[in-house]
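The chain contents come next:
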Amino acid sequence: MQIEQHTLDNGLTVLLKESRHAPVTTFWVWYRVGSRNELPGITGIAHWAEHMLFKGSEEFPKGEIDRQIARNGGGMNGFTWLDFTTFFETLPADRIDLSLRLEADRMVNALFDPEEVALERTVIISERQGAENQPTFLLGEEVVGAAFRVHPYHHDTIGDMCDLETITHQQLWHHYQTYYGPDNAIAVAVGDFNAPQMLGRIEEMFGPLTARSAPSVVNRPEPPQHGERRLTLEGPGNTAYLQAAYHAPAASDSDFFPLLILSSILTGASGMNLFAAPPPNRSSRLYKALVETGLAASVSGSLSPMLDPYLYNVSATVRAGRTLDEVEETLNAEIERILHQPIPAKELNTAIKQAKAQFAYSSESVTNQGFWLGYSSIVADIDWFESFLDRLTAVTVEDVTRVAELYLPRRNRTVGHYLPQGL
Amino acid sequence: MTPSLPSAETIARLDLSNGLVVLAYENDASPSVVIGGYLWAGSLSEPPEQAGLSSFTAGMLMRGTETRSFRQINEALESVGAQLSFHGGVHTAGFGGKALAEDLDLLLDILADSLQHPTFPTDEAETLRGQILTALQRRVYDTGQMARLTFDALLYPDHPYGRSVQGYEKTVSTLTRDHLADYYQAHYSPQGMVLAVVGAMSAGMVLDKVQRALGNWQAPAASPNRSIPPRVHLHELRRRLAPVQGKTQSDIVLGWPGLARNDPDYMKARLANTILGVFGMMGRLGDNVRDQQGLAYYVYSQLEAGMGAGPWLAIAGVNPASVDRAVDGILHEVHRLRDESLPPDDLADSQSFLTGSMPLRLETNEGIASTLLDMERYNLGFDYLLRFADLVNAVTVDDIQDMARAYLNPDAYALAIAGPG
């Protein structure tokens, strides 16, 4: 089924895709704002503002949003990450109008009641404290922070504790007034509906909303890295973890697809399902080198498509009785191998077939499709999504060699070691 | 086009002569297929001093067969983007996999090979043991896992539900390759095994393919264990702290013995649980502990009704200084559910949620497969989805209060807290 793209007079982008396999429709609104828009002092504000959109408006008082979606048999959530803030509801197809009314309302009418802001501060601090319980979160925060000295990708979306303690109601309100408006948003519907009717209803609900003035953009590109950065982190536990982060191209860069193939060969296929565990990677090179040999209990990689150049992250859990140095030496040897020997065509073809399978799996669920349509428009455009498999299929062995030489040298990476302190 | 619900008319079921039950359902939403199923080879059948044996055994099935190495199996599956895995459980060992529909033969072939011809190579057993031990060592520092482990032991002492399916460092360390092979010989059998296949393939073709792949499997030496462990009773408050130093958050698990999936009270209890800690953003518990007090990012309840009476529990993650307030908040909501008459709208909301959300649960092949497996496992009947709304709507306001009073005693519960202290 074709994807339709429209732009309303007030600047709202609308993406529609009919999918009639189940009597279910998903509706998403994506805002072009994430923690990339935050400067020191207000880190975490995008995520906090997202929480406030669940705290009520005059039409949907606090608690009413959850209640109405649930009693109509729906699921809902909101997410904030580096490049975006997004909200969705998935409902039985004949109830989706509720979602349109809700999202049109909270795009401009959320209350941001000061008492609710105060209560949410401790909820978000609790969310951060829960994350801090995980050594891999702590290590990731250090490694990404060291990899980005200048770009706001430097800080995690949850925000720094000092800012979570001091961000004011006024700052949150300003964030909402600045970034939440039709001209800074993308509405996505996928499911069991008639596209012209859906477009008409979206125009009715969202058309009357006025555009905001164009928000300022934080433009602090990360300068090239000219040498390996290394760090250690000590913390509770008896398990050591390694993370190596290589600067990587943005989603829209032509190098992105060859690097995606490379990541698939090294650490396994990327999952396309937001709500499922990542696909297994037991035939990947680093699994064979690290896990089959008993050096690591697990290894994983991620190359996320991003608006600005981000990272190819490789993470390993050191097996009991083995050392971080052993794991890192073996990782280095595998990177050297891929830098010096062209990959066999067979591995390239496997990576392409795996991506095709992941695409097929992800299309079972309209919610997943809504996610990928919106995500793609945030970090690139719809063409990027529609041509995804074609662009992967066009990658050659030479492309892979070229991007390996460009992105995988040590001078382009940050390596972090988590040193467990027993306790 | 709106497809009808899976029912007796559209679900194909076949009893193979070796005792294996096959369920098939065609869904053309995407060019893929999902398989799922179980065998009666869970941790119930292992002695306490060998805790972790059944889970370890399940993890070894794909790590070498008479004709394929672990690496060959991985290459074969992943070269076509397919996946398959086995996992341990209390009553059963389970498996799940998916593939493009064109690769279903390969997926079934590897499933059948892993089930019928595993060789338990010693070197692979050592590799897997290392991974399990690393996970068990990590668990000691994971507040969520430690709270649950402690809760289970507290509520179910000397009972299979109180033991860790993954086992413990001291038990997993002693298991040998022969223990695994012997456990396999004694418990893996097509007798009572269930396999569901859902996806872009006609049910007739699926049944043929499964018959070819698994129809000849015989395991006369094995005896599948379908026993149900006894119900436990809790007459006092049991509280235990699992210290996990250096952490910024404590995890709380508070609960009671619940009921089995086949208990006539099941749907009443499910609705009571939905009201308590599921509906909307985590029900009344979320409203109290998260929304009104701002104490927790997550707080919810779940009813784990399975073959036997599993626990009915509440879970929260809070700052270590807020543990007592969170526990008080949870108990306050339990008191309300027992003592205050339930506003009819609260029940109607949760009924509407359970019936209305059915299409969402059936959207993916995985969702359909797990529904089919529940129908078979708990004898719900293939008309279950057609009857579901009536079952939900038959529950009354008084039923909810009865359930809370029968199961959720605010003076006699098990409480485990894992965190600093």
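To continue, consider the overall build of chain A. Secondary structure summary: chain A contains 16 helices and 11 strands in total. Against the compact-globule benchmark of 22 Å for 423 residues, chain A has a radius of gyration of 22 Å, which places it among compact chains. For chain A, the spread of C-alpha atoms along the three principal axes comes to 60 × 50 × 40 Å. Buried residues in chain A amount to 52% of all 423 residues. Contacts in chain A between residues at least 24 apart in sequence constitute 82% of all its contacts with a sequence separation of at least 6.

Before going further, it helps to examine the overall build of chain B. A tally of regular secondary structure across chain B gives 16 helices and 11 strands. For 421 residues, the compact-globule formula gives about 22 Å, and the C-alpha radius of gyration of chain B, at 23 Å, lands near that figure. Taking the principal axes of the C-alpha coordinates as reference, chain B spans close to 60 × 55 × 35 Å. In chain B, which comprises 421 residues, the share counted as buried stands at 53%. Across chain B, the fraction of contacts at a sequence separation of at least 24, relative to all contacts at a separation of at least 6, is 82%.

So, on to helix 3 (residues 97-108) of chain A. An α-helical turn contains 3.6 residues, so any two residues separated by three or four positions project in the same direction. In this model, helix 3 of chain A (12 residues) spans 18 Å end to end at C-alpha, consistent with the 16 Å of a helix rising 1.5 Å per residue. Residues of helix 3 of chain A that are buried sit in contact with strand 3 (24-31), helix 2 (64-71), strand 5 (85-92), strand 6 (185-191) and helix 8 (195-206) of chain A.

Across the boundary between the two partners, chain A contributes 55 residues, which contact 56 residues of chain B. Put simply, the parts of the chain that give the side of chain A that touches chain B at least two residues each are helix 2, strand 5, helix 4 (114-132) and helix 12 (345-362) of chain A. In terms of residue count, helix 4 of chain A provides more of the side of chain A that touches chain B than any other element does, nine residues in total. Its residues placed into classes, the side of chain A that touches chain B shows 18 nonpolar, 23 polar and 14 charged.

Here we come to the packing of helix 1 (residues 53-60) of chain B against helix 7 (residues 177-187) of chain B. All names here are of chain B. Interhelical geometry of helix 1 versus helix 7 gives an angle of 90° and a closest axis separation of 9 Å. Classified by the angle between their axes, helix 1 and helix 7 sit roughly perpendicular to one another. Of helix 7, the residues touching helix 1 (which contributes Leu53, Ser54, Phe56, Thr57 and Met60) are His179, Leu180, Tyr183 and Tyr184. Its residues placed into classes, the contact of helix 1 with helix 7 shows six nonpolar, three polar and no charged.

Once that is clear, we can look at the nonpolar core. Nonpolar side chains tend to gather and get buried jointly when the protein is soluble and globular. With 252 residues, the main nonpolar core has Ala187 of chain A together with Ala196, Ile252, Ala316, Ala326, Leu372 and Ala416 of chain B as its most contacted residues. Residues contacting Ala326 of chain B, with those up to four places away along its chain left out, are Ile252, Val289, Leu295, Ala296, Ala316 and Val318 of chain B.

A separate point is the domain arrangement of chain A. Residues and elements named next belong to chain A. Domain boundaries assigned for chain A yield domain 1 (3-206) and domain 2 (229-420). Just the C-alpha atoms count here: the centres of domain 1 and domain 2 sit 27 Å apart. Each partner contributes to the interface: domain 1 provides 34 residues, whereas domain 2 provides 29 residues. Those elements giving two or more residues to the side of domain 1 that touches domain 2 turn out to be strand 1 (3-7), strand 2 (13-18), strand 3, strand 5, helix 5 (135-147) and strand 6. With 10 residues, helix 5 is the largest single contributor of residues to the side of domain 1 that touches domain 2.

Turning next to the sheet that holds strand 10 (residues 311-318) of chain B. Judged by pairing direction, the sheet is mixed, and its five strands sit side by side in the order 7-11-8-10-9 (chain B) without closing on themselves. A strand with exactly one partner marks an edge of an open sheet, and here the two such strands are strand 7 (238-243) and strand 9 (296-303) of chain B. In this sheet, neighbouring strand axes are inclined to one another by 10° on average, regardless of whether the strands run parallel or antiparallel. Relative to strand 10 of chain B, strand 8 (residues 250-257) of chain B is paired through eight bridges, and the arrangement is antiparallel. Bridge pairing links Leu254 of chain B to Ala314 of chain B in strand 10 of chain B. Contacts from helix 4 of chain A reach strand 9 and strand 10 of chain B within the one sheet, and its direction differs from that of strand 9 of chain B by about 75°.

To continue, consider unusual backbone geometry. Residue and element names in this part refer to chain B. Although it is not a glycine, Met282 sits at a positive phi angle of roughly 70°. Mapped onto the elements, Met282 comes out in helix 10 (residues 279-292). One non-glycine residue, Asn379, adopts positive backbone phi at about 50°. Structurally, the position occupied by Asn379 is in the loop between helix 14 (365-377) and helix 15 (384-393).

For the rest of this paragraph, the subject is the packing of helix 1 (residues 45-52) of chain A against helix 7 (residues 169-179) of chain A. Residues and elements named next belong to chain A. Helix 7 packs onto helix 1 with a crossing angle of 85° between their chain directions and a minimal axis gap of 10 Å. With respect to helix 7, the element helix 1 is oriented roughly perpendicular. For the pair helix 1 and helix 7, the contacting residues are Ile45, Ala46, Trp48, Ala49 and Met52 in the first and Gln171, Leu172, His175 and Tyr176 in the second. Taken together, the residues of the contact of helix 1 with helix 7 sort by class into seven nonpolar, two polar and no charged.

Right, let's talk about the domain arrangement of chain B for a bit. Residue and element names in this part refer to chain B. If you check the domain split of chain B, you get domain 1 (12-214) and domain 2 (238-419). For domain 1 versus domain 2, the separation of C-alpha centres amounts to 28 Å. The partner domain 2 presents 31 residues to the 26 residues of domain 1 that form the contact. Sorting the residues of the side of domain 1 that touches domain 2 by element identifies strand 2 (21-26), strand 3 (32-39), helix 5 (143-155) and strand 6 (194-199) as the ones contributing at least two each. In terms of residue count, the dominant contributor to the side of domain 1 that touches domain 2 is helix 5 (nine residues). Of the residues belonging to the side of domain 1 that touches domain 2, the class tally is 16 nonpolar, nine polar and one charged.

What follows concerns the sheet that holds strand 5 (residues 93-100) of chain B. Residue and element names in this part refer to chain B. Reading across from one edge, 1-2-6-3-5-4 is the order of the six strands in this open sheet, with mixed pairing throughout. In this open sheet, the two strands that pair with only one neighbour each are strand 1 (12-15) and strand 4 (83-87). Here the average twist between neighbouring strands, direction ignored, is 10°. Bridge count for strand 4 against strand 5 is five bridges, and the pairing is antiparallel. In the strand pairing of strand 5, Ser85 is matched with Gly96. Across the sheet, helix 14 lies against strand 2, strand 3 and strand 6, angled at about 150° from strand 6, the strand it touches most.

What follows deals with the environment of Gln302 of chain B. Residues and elements named next belong to chain B. Mapped onto the secondary structure, Gln302 falls in strand 9. For Gln302 and Val278, which are 24 residues apart along the polypeptide, the C-alpha to C-alpha distance reads 7.7 Å. Residues contacting Gln302, with those up to four places away along its chain left out, are Asn273 and Leu313.

Taken over all residues, the pLDDT of chain B has a mean of 96, while the share at 70 or more is 99%. Predicted as a complex, the structure gets a pTM of 0.95 and an ipTM equal to 0.93.

Another point: the pairing of strand 8 (residues 241-247) of chain A. Residues and elements named next belong to chain A. For strand 8, a buried count of six out of seven residues is recorded, marking the element as mostly surrounded by other parts of the structure. Where strand 8 and strand 11 (residues 413-420) come together, six bridges link them in antiparallel fashion. Paired with Tyr246 across the strands is Arg413, a residue of strand 11.

The rules behind each value
- Residues numbered from 1 in each chain as written.
- Chains lettered and ligands numbered in written order.
- Predicted model: local features only at pLDDT ≥ 70, side-chain atom pairs only at ≥ 80, totals over all residues.
- Helix = DSSP H or I, 4+ residues; strand = E, 2+ residues; numbered from the N terminus.
- Rg over C-alpha atoms; globule rule 2.2 N^0.38 Å.
- Buried ≥ 20, exposed ≤ 12 C-beta atoms within 10 Å, placed from the backbone.
- Contact = placed C-beta atoms within 7 Å.
- Expected span 1.5 Å × (residues − 1).
- Nonpolar A, V, L, I, M, F, W, Y, C, P; charged D, E, K, R; others polar.
- Axes fitted to C-alpha atoms, helices over the stretch in contact; angles between N-to-C directions.
- Parallel < 35°, antiparallel > 145°, perpendicular 65-115°, else oblique.
- Core = buried A, V, L, I, M, F, W, Y, C linked by C-beta atoms within 7 Å.
- Domains from an automatic or database assignment.
- Pairing = 2+ DSSP bridges.
- pLDDT = per-residue confidence, 0-100.

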